[in-house]
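# Observations on the model geometry
This is what each chain is made of:
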Amino acid sequence: MPKTIYALLVGINDYPSPVPKLNGCVPDVKAVEAYLRGLSETPVEFRILTDQAATKNNIVSGFRDHLAKAKAEDVAFFYFSGHGTQEEADEVFWRSEPSHRLQTLVCYDGIVEKSGQQQFNLLADKELRYLLHELSQTKAHILSLFDCCHSGDNTRSQQPKVAARRYAPQNRLTFAVPQRPWDQFIFSNQLSREAFAGQSVAELMPEGRHIQIAACAPDESAFEEGGSGVFTRTLLDVLKRSEGHVSYYNLESRVRSLVKNNYRQTPRV
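These remarks concern the structure in this document. (Residues numbered from 1 in each chain as written. Predicted model: local features only at pLDDT ≥ 70, side-chain atom pairs only at ≥ 80, totals over all residues. Heavy atoms only, no water.)

Turning our eyes to something else, we now look at the nonpolar core. One recurring pattern in soluble globular proteins: nonpolar side chains tend to sit buried together. Counting residues in hydrophobic clusters, the biggest one holds 49 residues, and the most contacted among them are V10, F63, F78, F80, F93, F187 and F196. The element that contributes the greatest number of residues to this core is helix α3 (residues 125-136), accounting for five residues. Beyond its immediate sequence surroundings of up to four residues, F187 is in contact with F93, K126, E127, Y130, W182, F196 and M205. (Core = buried A, V, L, I, M, F, W, Y, C linked by side-chain atoms within 4.5 Å. Buried < 20%, exposed > 50% of the residue type's maximum accessible area, 1.4 Å probe, protein only. Helix = DSSP H or I, 4+ residues; strand = E, 2+ residues; numbered from the N terminus. Contact = heavy atoms within 4.5 Å.)

Right, dumping it as structure tokens:
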């Protein structure tokens, strides 16, 4: 058993316009929190960010100020429930992104409208990679879990009362938001654009050792129904039924089987 679990839990329902609001993300966070609090043999240190508190800066600070407290015998756990989308990638990332797009999390302030213009402040996969690389220096066991869409593929459920957790920008020819200026990346002060033009992402940002569990494949959407995420609800149910005695890959297999029976959604580790 780990000595301590450091948990950063993020859930966003009340997105500001133009991002569609969701219903199940804050309840998802509460359900994950309740499950962790039920682990009587393991202390858990929480930082919980919901709705207005779940800004990009606060999430980044959660990694650096909270999860970074974990030691080698601890677990650092990041959970996100909300919208995902894609962003047009800078050309220097094209070698590692054949689609020429970055996968991004939509934080509370990720997409806002001011004076009729949309402004973007998304948390990109390359930024998460950078944060996980930083966090890996603690030698803690790192687990990240995402109940959101990581792709702009136009997969939509036609079932009533089922919503896809993916933001697709309106009035654009693609389902990706515009490319950001380089100085908006959280690593821009440490890594220049020119550096990526000469070296690969793997060389400049070695991937920190971690386990990632995603609610769906890159070309699918993640769904919520009945006030909670389909993936989170199923995963917690499997954990409770197994009383926690399950490997990551067995967990993936059981959750995937249950989810795929009813939704075009394939959880993956």
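Quick look at the environment of G226 now. Residue position: G226 is located in the loop between β13 (223-225) and β14 (228-229). A relative accessible area of 76% means that G226 is categorised as exposed. Placed 203 residues apart in sequence, G226 and N23 show a C-alpha to C-alpha distance of 8.4 Å.

So, on to the sheet that holds strand β4 (residues 84-88). Strand order in the open sheet formed by four strands is β8-β5-β4-β11, and the pairing between neighbours is mixed. The outermost strands of the open sheet, each flanked by one partner alone, are β8 (123-124) and β11 (176-177). As paired strands, β4 and strand β5 (residues 101-105) are joined by five bridges and run antiparallel to one another. Paired with E87 across the bridge in β5 is L102. (Pairing = 2+ DSSP bridges.)

If you add up the space inside the largest pocket, you get close to 810 Å³. In this structure, the largest pocket is lined by 30 residues; those nearest its centre are Y35, L36, L39, L239 and G244. Elements represented by at least two residues in the lining of the largest pocket include exactly α1 (25-37), β3 (75-81), β9 (141-147), α6 (230-242) and α7 (248-260). Split into classes, the residues belonging to the lining of the largest pocket amount to 20 nonpolar, eight polar and two charged. (1 Å grid on protein atoms, 1.4 Å probe; cavity = no way out; pocket = protein on both sides within 12 Å on 5 of 7 lines; lining within 4 Å. Points joined across faces, edges and corners; volume = space filled by probe spheres on them. Nonpolar A, V, L, I, M, F, W, Y, C, P; charged D, E, K, R; others polar.)

This part covers the packing of α1 against α6. The N-to-C vectors of α1 and α6 enclose an angle of 15 degrees; their axes lie 10 Å apart at closest approach. Taken together, the axes of α1 and α6 are roughly parallel relative to one another. The way α1 lies across α6 gives a crossing that is left-handed. Taking contact as the criterion, the partners of D28, A31, V32 and Y35 in α1 are, on α6, T232, L236, L239 and K240. In terms of residue class, the contact of α1 with α6 is built from five nonpolar, one polar and two charged. (Axes fitted to C-alpha atoms, helices over the stretch in contact; angles between N-to-C directions. Parallel < 35°, antiparallel > 145°, perpendicular 65-115°, else oblique. Left-handed = near helix turned anticlockwise from the far one by under 90°.)

Our focus in this paragraph is unusual backbone geometry. A cis amide bond, omega 15 degrees, links S17 with the succeeding residue P18. Along the chain, the position of P18 falls in the loop between β1 (5-11) and α1. Positive phi outside glycine occurs at K139, with the angle close to 70 degrees. With respect to the helices and strands, K139 occurs in the loop between α3 and β9. Residue class for K139 comes out exposed when judged on its relative accessible area of 61%.

Here the focus is the pairing of β9. Across the seven residues of β9, six count as buried, placing the element largely inside the fold. Where β3 lies against β9, seven bridges are found, and the strand directions are parallel. Paired with V75 across the bridge in β9 is H141.

Let us look at the packing of aromatic side chains. Given two aromatic rings, their pairing is described by the distance between the two centres and the angle made by the two planes. Tallied over the entire structure, the rule returns 13 aromatic pairs. Their ring planes at 55 degrees and their centres at 5.6 Å tell us that Y130 and F187 sit as a pair that is tilted. Taken together, the residues Y130 in helix α3 and F187 in the loop between β11 and α4 (193-198) connect sequence positions 57 residues apart. We classify Y130 as buried; its relative accessible area is 10%. Seen from their ring centres, F185 and F187 are 5.0 Å apart, and the 15 degrees between their planes marks the pair as stacked. Neither F185 nor F187 differs from the other in exposure class; each is buried. One aromatic cluster is present, formed by F93, Y130, W182, F185, F187 and F196 through successive ring pairs. One residue, K126, lies across the ring of F93, its end atom 5.6 Å from the ring centre. Between the NZ or CZ atom of R180 and the centre of the ring of F185, over which it lies, the distance is 4.5 Å. (Phe/Tyr/Trp six-rings, centres within 6.5 Å; stacked < 30°, edge-to-face > 60°. Lys NZ or Arg CZ within 6 Å of the ring centre and 35° of its normal.)

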